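# Structure at a glance
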Amino acid sequence: MTMRYPRTAVILCACSGIISEKIDWTRVETLLADHPSRPLFRQDQLACGSDELDGLCRWLQEVKAERVVVAACSPREHQATFRGLLSRAGINPWFLQLVNVREQGAWVTEDAAAATLKATRLIRGALERVNRHRPLAARSIPVHTRVAVVGAGPAGMQAALTLARAGREVVLIEKEPMIGGLPVRYDELFPNLECGPCLLEPVMGELLHGPESEQVTLLTLSEVTAVKGSFGNWILSVRQKPRFVDVEACIGCMICQEVCPERRQNGWNRAGELAAIGVPFAGALPNLPHLDTASCRKFRGEPCEICSAECPVEGALDFEAQERELELEVGAIVLATGAEERPTLPAGFAGRDLMSAYSFERLIATNGATGGDLVKADGSAPVSLVLVQCAGSLDAGHTPYCSGVCCREALKLAHLAAAKVEGLTVTRLIKEQSVPGLEAGRQLHNDHAAVVRYGRFDALSLEEGPAGRVLKTGEGTEVPADMVVFLNPVLPGAGTAQVAELLELPRDGAGFLGQLHTLAESCAAPLRGVYLAGSCRGPGDVREAFATGTAAAGLALSALVPGRDLVIEPEVATVRPEACAGCRTCLKLCPYRAIEWDDAARMARVNDLLCRGCGTCVAGCPSAAIDGLGFTRDMLRAEIKGVLS
Amino acid sequence: MSECAVQRDSCCREPAELKIVAFLCNWCSYAGADKAGGSALPVPPELSVVRVMCSGRVEPTLVLETLRQGADGVMVLACHPGDCHYKEGNFRALCRAELLERLVVQLGVDPVRFCFDYVSAAEGEKFSRITCEFAARLRQLPPIG
Ligand code: FES
């Protein structure tokens, strides 16, 4: 079979003698002279030099080269240089094949004759390969520079603010009626016992009323229900539940809350009650009540409109408000959906004054159910307190890992509790203790709690003794336990699981969101255009939330720049429709979810925006229906044939 | 370097007779091979490198075809576990390599002719050593085919 070879120019670089002292280029020319492509050779002293490049450009044009092979250094060094040369000479840059005869030839081969033969062989491979190259071109598409931030805890707020400060439009989506996440509900934060609301209020204030608030659209009571598209061009469907309060008209006086005759459980405090309309706790922002239809008398069909009768602003209450479905076009998504505590007691535990760390935080918070008094359910002060650390952590039956933040939390709670009730006996029950860092070390040093080590969580038991209730470890140690607080492991929040499912993001063994790289790219999801902030990435503290919020915003800012189109590299996978059998193997293989199933055409399709050109699907397709542009089967086979002939 | 020289002395075939194809992933192994060059470490001259973006690109049939085309041995070199630039390509490559090792035996090919290993961008020395050792092992075998 004869085939017409395109006119192929071969540039042989001496690299100022570094290559040519080993490789005899004239001999190579002789050995390759009868190659069917009849290559046109040109030896060059230093092909990458700017003067030389000018000369090479003219020569390529003179000889009307259609393909170019450059035998020089590693493509990791000068591939871009020589692609540029081809462009300048009017040749498609992907009609280039570089042969690495320096790092992988001259420098690793003792014998000059052997090095010359090796170079000949490699160039023969390149001649065969380059003949199969097809013209490729990068394509560019416009992108949205608006960013959606999901979750308005510290991480999400920080991300939103950082983006807004850079002039970006941000949509901040929060499922709760208020923002601030968990720490805004804590009276004092580790390590300096700074008050949570005091730390976060300026941030929230800036988001809601600062100059940047112009750029921020806040959607409370909202959840993302569907995501379409890809990096640069996402379409998010958002469902917003009605607040039944006109956010523009309401002045936040909370008279409605005062006059409401109905009560519901205050889930945010995990204790106490709340009016059917109102805010979960004083100081919640935005300063707007919300109405709970499950408990509101009017919504239960009873004739009650006391709140709207008493409201000083006409029309601020809107019982007709409906759920809204919104569609948002954004270029990037920052996920800051957080973590949660799932209260867990040891097997068989029941009784009074047993609570999780979150409930305890809310109990001692000045805006909590008791106004900050540390009291038991019967209203009296406890005489003894046990803080059970590692409560379900480091435990094969519960959570195998250590959350790394609860020891510090326990030190803080021990300190706060002791300050609230004089003479309180505090015991910290630990399995292991992890308190790295200077501040934590100082707290540990100042800690007055008794420390008892225990083995199994489920071996803990409660007993009423003559001197009051005691908690017994499996090892037989007894500690006074008038009140018991469990520091349960930090688990991924329900919102985190939900977005992971919507975006089909991988999750780690514990259910937190997988990262593009655990060290270098821990604030980026493996899906392009999705960034991660805060404890949806894994257990973390407030400091980390702020830091990763800033980091995620920085990634979104640098990925989407106004006026800069998205350049899509052409070396991606492509499916031959006639060959695709529809087995969908590739969908599971792709690490970037770049392959979609086209139900109408009954075939797989590669989204070139997401494909990074690794070729795993190419190798994995049982029908050989996928090929990798720039590294096609045909090219690789030709190269192999060339080097082996 | 001496290790390689010794092995070459004990060889029973001329270097030029041997044909080895090594598939190297762009990000680690290929960089490791460049590193061997930067450190002037020996690499068998019979070795021809075929650069791919990721070891996960190399399908078993490509390896088999390379052997059929007359290669005495084929290497697939990848980033270390956990280091793949594309997250898990090297894991796929490992699975395919395990399959291949069993497959080549069925086809009457000595499994010694196939080598899967990990070479990081820093491991120029390892690249030199494993390629020299692979060539030395192949020289003990009769020509393929
Ligand atoms: S990039 Fe090296 S093995 Fe995937």
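Since the model is a prediction, treat every value here as computed from it, not as a measurement. (Residues numbered from 1 in each chain as written. Chains lettered and ligands numbered in written order. Predicted model: local features only at pLDDT ≥ 70, side-chain atom pairs only at ≥ 80, totals over all residues. Heavy atoms only, no water.)

The number of helices and strands found in chain B is five helices and four strands. Its helices and strands in sequence order give chain B the pattern α-β-α-β-α-β-α-β-α, from N to C terminus. Burial analysis of chain B (145 residues in total) assigns 58% to the buried set. Summing over all exposed atoms, chain B offers an accessible surface of approximately 5,700 Å²; the carbon and sulfur share of this is 56%. (Helix = DSSP H or I, 4+ residues; strand = E, 2+ residues; numbered from the N terminus. Buried < 20%, exposed > 50% of the residue type's maximum accessible area, 1.4 Å probe, protein only. Areas by Shrake-Rupley, 256 points an atom, 1.4 Å probe, with all protein chains shown as cover.)

Once the charged atoms of two side chains with opposite charge are near each other, the side chains can pair. A complete count under the given rule lists 44 salt bridges over all chains for this structure. A salt bridge links Asp447(A) to Arg428(A), with the shortest nitrogen-to-oxygen separation between them at 3.0 Å. With Asp447(A) in the loop between helix H11 (438-445) and strand S21 (450-453) and Arg428(A) in strand S20 (residues 425-430), this pair connects stretches of sequence that are 19 residues apart. Asp447(A) sits in the buried class, given a relative accessible area of 18%. The class of Arg428(A) is buried, set by a relative accessible area of 1%. Sharing partners across several salt bridges, the network here consists of Asp627(A), Arg633(A), Arg637(A), Arg57(B), Glu59(B) and Glu65(B). (Salt bridge = Lys/Arg side-chain N within 4 Å of Asp/Glu carboxyl O.)

Listed per partner, the contact involves 44 residues of chain B and 40 residues of chain A. In total, about 3,400 Å² of surface goes out of reach between chain B and chain A, with carbon and sulfur atoms giving 56% of it. The largest share of the area that chain B buries against chain A comes from Arg57(B), Tyr86(B) and Lys87(B), three residues that together contribute 19% of it. Linking chain B with chain A are four salt bridges. Linking Asp34(B) and Arg76(A) is a salt bridge whose minimum nitrogen-to-oxygen distance equals 3.1 Å. Here chain B and chain A share 16 residue pairs in polar contact (both at pLDDT 80 or more) between them. Those elements giving two or more residues to the side of chain B that touches chain A turn out to be strand S1 (20-25), helix H2 (29-38), strand S2 (47-52), helix H3 (60-68) and helix H4 (89-106) of chain B. Looking at which element gives the most residues to the side of chain B that touches chain A, the answer is H2(B), with seven residues. For the side of chain B that touches chain A, the residue count by class is 22 nonpolar, 11 polar and 11 charged. (Contact = heavy atoms within 4.5 Å. Buried area = accessible area lost by both parts, 1.4 Å probe. Polar contact = N/O pair within 3.5 Å; in protein donor to acceptor, adjacent residues only side chain to side chain. Nonpolar A, V, L, I, M, F, W, Y, C, P; charged D, E, K, R; others polar.)

Let's shift gears to the packing of aromatic side chains. Residue and element names in this part refer to chain A. The final tally for this structure, using the stated rule, is seven aromatic pairs over all chains. For the pair Phe-299 and Phe-319, a centre-to-centre distance of 6.3 Å together with 65 degrees between the ring planes defines the contact as edge-to-face. With Phe-299 in the loop between strand S14 (290-291) and helix H8 (306-310) and Phe-319 in the loop between H8 and strand S15 (324-330), this residue pair connects regions lying 20 residues apart in the sequence. Connected via pairs of aromatic rings, a cluster forms that spans Phe-244, Phe-299 and Phe-319. Seen from the ring of Phe-319, Lys-298 lies directly overhead, with NZ or CZ sitting 5.2 Å from the centre. (Phe/Tyr/Trp six-rings, centres within 6.5 Å; stacked < 30°, edge-to-face > 60°. Lys NZ or Arg CZ within 6 Å of the ring centre and 35° of its normal.)

Before going further, it helps to examine the sheet that holds strand S8 (residues 216-219) of chain A. Residue and element names in this part refer to chain A. Across the sheet, which stays open at both edges, the five strands sit in the order S8-S7-S6-S16-S27 with parallel pairing between neighbours. A single partner strand is all that each edge strand has here, and the edge strands are S8 and strand S27 (530-532). The mean inter-strand angle of the sheet, taken between neighbouring strand axes irrespective of direction, is 20 degrees. Of the pairings in the sheet, the one linking strand S6 (residues 147-150) to strand S16 (residues 332-335) comprises four bridges and is parallel in character. Within S16, the position partnered with Val-147 by the bridge is Ala-332. (Pairing = 2+ DSSP bridges. Axes fitted to C-alpha atoms, helices over the stretch in contact; angles between N-to-C directions.)

Now for the sheet that holds strand S25 (residues 483-486) of chain A. All names here are of chain A. Read from one edge of the open sheet, five strands run S18-S25-S19-S20-S21, paired in parallel fashion. Every other strand in the sheet has two partners, leaving strand S18 (354-356) and S21 as the edge strands with one partner each. For this sheet, the mean angle separating the axes of adjacent strands, direction not counted, is 20 degrees. As paired strands, S18 and S25 are joined by three bridges and run parallel to one another.

All names here are of chain A. Looking at where Leu-60 falls in the secondary structure, it is placed in helix H2 (residues 50-62). A C-alpha to C-alpha distance of 7.2 Å links Leu-60 and Ala-9, two positions 51 residues apart in sequence. For Leu-60, the residues in contact, after removing those within four places along its chain, are Ala-9, Ala-65, Val-68, Leu-85, Ala-89 and Ile-91.

It is worth spelling out the UniProt feature "domain: F420-non-reducing hydrogenase iron-sulfur subunit D" (unreviewed entry) in chain B at this point. When the UniProt feature table is mapped onto this chain, "domain: F420-non-reducing hydrogenase iron-sulfur subunit D" (unreviewed entry) is found at residues 20-141 of chain B. Within residues 20-141 of chain B, the helical portion is 43% and the strand portion 19%, while the C-alpha atoms at the span's ends are 13 Å from each other. (UniProt positions renumbered as here; feature names shortened; annotations may be inferred.)

Soluble, globular proteins show a tendency: their nonpolar side chains are buried together. Counting residues in each nonpolar core, the largest one holds 163 residues, and the members touching the most others are Trp25(A), Ile123(A), Ile173(A), Leu236(A), Leu335(A) and Phe23(B). Once residues within four sequence positions are removed from consideration, Leu335(A) is found in contact with Val150(A), Val499(A), Leu503(A), Leu505(A), Leu513(A), Val530(A), Tyr531(A), Leu532(A), Ala533(A) and Cys536(A). (Core = buried A, V, L, I, M, F, W, Y, C linked by side-chain atoms within 4.5 Å.)

All names here are of chain A. Topologically, Thr-427 is positioned in strand S20. The exposure class of Thr-427 is buried, given its relative accessible area of 2%. Residues within four places of Thr-427 in sequence aside, it is in contact with Leu-385, Val-386, Leu-387, Ala-450, Val-452 and Val-479.

A separate point is the pairing of strand S2 (residues 40-44) of chain A. Residues and elements named next belong to chain A. Where strand S1 (residues 8-13) lies against S2, five bridges are found, and the strand directions are parallel. By the bridge assignment, Cys-13 is partnered in S2 with Asp-44. Handedness of the crossover joining S1 and S2 through helix H1 (residues 25-32) is recorded here as right-handed. (Right-handed = clockwise from strand over helix to strand, strands pointing away.)

Right, let's talk about the confidence of the model for chain B for a bit. Averaged over every residue, the pLDDT of chain B is 89; the share at 70 or more is 88%. The low-confidence segment residues 1-13 of chain B (pLDDT under 50) makes 23 contacts with residues lying over four places distant or belonging to another chain. (pLDDT = per-residue confidence, 0-100.)

Here we take up unusual backbone geometry. Backbone phi values are negative for most residues with the exception of glycine, while trans is the configuration of most peptide bonds. Residue and element names in this part refer to chain A. Along the chain, Phe-190 connects to Pro-191 via a cis peptide bond; the corresponding omega equals 0 degrees. Note that Pro-191 resides in the loop between strand S7 (170-173) and helix H6 (196-209). Going from Leu-285 to Pro-286, the amide bond is cis rather than trans, its omega being -5 degrees. Counting through the fold element by element, Pro-286 comes out in the loop between strand S13 (277-278) and S14. With a phi close to 55 degrees, Lys-64 is a non-glycine residue in the positive phi region. Along the chain, the position of Lys-64 falls in the loop between H2 and strand S3 (67-72). When its relative accessible area of 59% is taken as the criterion, Lys-64 is described as exposed.

Another aspect to go through is the environment of Gly56(B). Counting through the fold element by element, Gly56(B) comes out in the loop between S2 and H3. Gly56(B) gets classed as buried once you look at its relative accessible area, which sits at 0%. Considered as a pair, Gly56(B) and Asp34(B) are 22 residues apart in the sequence and their alpha carbons are 20 Å apart. Other than its neighbours up to four places away in sequence, Gly56(B) contacts Gly615(A), Thr616(A), Ala619(A), Gly89(B), Ala93(B) and Arg96(B).

Time to look at the state of the cysteines. For the coordinates displayed, the defined rule picks out one disulfide over all chains. Note on cysteine connectivity: Cys195(A) is disulfide-linked to Cys198(A), with sulfurs 1.9 Å apart. For the disulfide bridge between Cys195(A) and Cys198(A), the dihedral angle about the S-S bond is near 90 degrees, and by the sign convention the bridge is right-handed. Here Cys250(A) stays unpaired: no disulfide links it, and the sulfur of Cys253(A), its closest cysteine neighbor, is 6.6 Å away. Free cysteine Cys95(B): the closest other cysteine sulfur is in Cys84(B), separated by 12 Å. (Disulfide = S-S within 2.5 Å.)

Once that is clear, we can look at the packing of H2(A) against helix H3 (residues 75-88) of chain A. When two helices pack together, their arrangement is given by the angle between their axes and by how far apart the axes lie. All names here are of chain A. Remark: H2 packs on H3, axes separated minimally by 9 Å, with the N-to-C direction vectors making an angle of 45 degrees. What the angle tells us is that H2 and H3 run oblique. H2 and H3 meet at a crossing whose hand is right-handed. Of the residues in H3, those in contact with Leu-53, Asp-54, Leu-56, Cys-57, Leu-60 and Gln-61 of H2 are Thr-81, Phe-82, Leu-85 and Arg-88. (Parallel < 35°, antiparallel > 145°, perpendicular 65-115°, else oblique. Left-handed = near helix turned anticlockwise from the far one by under 90°.)

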